[in-house]
Amino acid sequence: MNLFSIFFKAVLSDNIVLMSFLALCPFIGMSSDTNKSMGMGLAVTFVTVLASCVTWPIYRFVLEPLGLVFLQTLGFILVIASLVQLVEFYLKKCVPGLYSSMGIYLALITTNCAILYVTLNAISREYSFLESLVYAFGVAIGFLLALLLLAGIRSRIRASPVPSFMKGAPILFVASALLSMAFMGFAGLVK
């Protein structure tokens, strides 16, 4: 598989949120406006790519040769948690408005199943180091794209007459389901 197809498959046809249904909590929670979506998407992109950059060599050069593969989940979670702390420190110091608007969702990046999924999936697919970085970047861009799309849809929903029984979470889940169905159209585009 070439890098181009790995990237576009990760962004579109295997979108982590819309096709695998992972990271739904930050997807719904941080898509209330485009600024929050962009901030969360960039934070997740940073953590995902850096986590893949760190976990791939740990797996290939430490865990696998020493027969400690059973520790990969624990080790990868520790790496991800450390990287999230770096992001949290940076945002608190340099972008306090974004830090306070992210609230609990910033800490939830640590337990974001999507990031762990990316690191484990790159290993299971036996990607090279470069392929795993491209895959991680593609997944993160797909997450960002899904966030921005839902943020745009939510702004349109706020300006639309929505029946009272559909206001709030119900209309968000209907919109998310329709968005997911639209992304199913990309399934045959990249093999």
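Just so we're clear, the structure is a prediction, and the values are computed from it rather than from any experiment.

A.B. asks: Would you explain the packing of helix α1 (residues 3–13) against helix α8 (residues 129–158) in this entry?
C.D. replies: For any two helices packed against each other, one specifies the inter-axial angle together with the distance between the axes. Their axes nearest at 7 Å, the elements α1 and α8 cross at an angle of 30°. Comparing their axes, α8 and α1 come out roughly parallel. For the crossing formed where α1 meets α8, the hand is right-handed. On α8, the residues touching Leu3, Ile6, Phe7, Ala10, Val11 and Leu12 of α1 are Leu130, Glu131, Val134, Tyr135, Phe137, Gly138, Val139, Ile141, Gly142 and Leu145. When its residues are assigned to classes, the contact of α1 with α8 shows 13 nonpolar, 2 polar and 1 charged.

A.B. asks: Is there a simple way to think about the side chain of Ser180 in this case?
C.D. replies: Along the chain, Ser180 falls in helix α9 (residues 169–183). Owing to a relative accessible area of 8%, Ser180 belongs among the buried residues under this scheme. Once residues lying within four places of it in the same chain are set aside, the contact partners of Ser180 are Leu18, Met19 and Phe21.

A.B. asks: In this structure, what is going on with the pattern of salt bridges? I would like to understand it.
C.D. replies: Should their charged atoms come close, side chains of opposite charge can pair. In this structure the tally under the stated criterion is 3 salt bridges. The salt bridge involving Arg125 is made with Asp14; its shortest N-O contact spans 4.0 Å. Placement of the pair is Arg125 in the loop between α7 (113–124) and α8 and Asp14 in the loop between α1 and α2 (24–29), with a sequence separation of 111 residues. Ionic pairing is found between Glu64 and Arg60, a salt bridge with its closest N-O pair at 3.5 Å. What you see here is one network of salt bridges that share partners, running through Lys9, Asp14 and Arg125.

Rules and cut-offs
- Residues numbered from 1 in each chain as written.
- Predicted model: local features only at pLDDT ≥ 70, side-chain atom pairs only at ≥ 80, totals over all residues.
- Heavy atoms only, no water.
- Axes fitted to C-alpha atoms, helices over the stretch in contact; angles between N-to-C directions.
- Helix = DSSP H or I, 4+ residues; strand = E, 2+ residues; numbered from the N terminus.
- Parallel < 35°, antiparallel > 145°, perpendicular 65-115°, else oblique.
- Left-handed = near helix turned anticlockwise from the far one by under 90°.
- Contact = heavy atoms within 4.5 Å.
- Nonpolar A, V, L, I, M, F, W, Y, C, P; charged D, E, K, R; others polar.
- Buried < 20%, exposed > 50% of the residue type's maximum accessible area, 1.4 Å probe, protein only.
- Salt bridge = Lys/Arg side-chain N within 4 Å of Asp/Glu carboxyl O.

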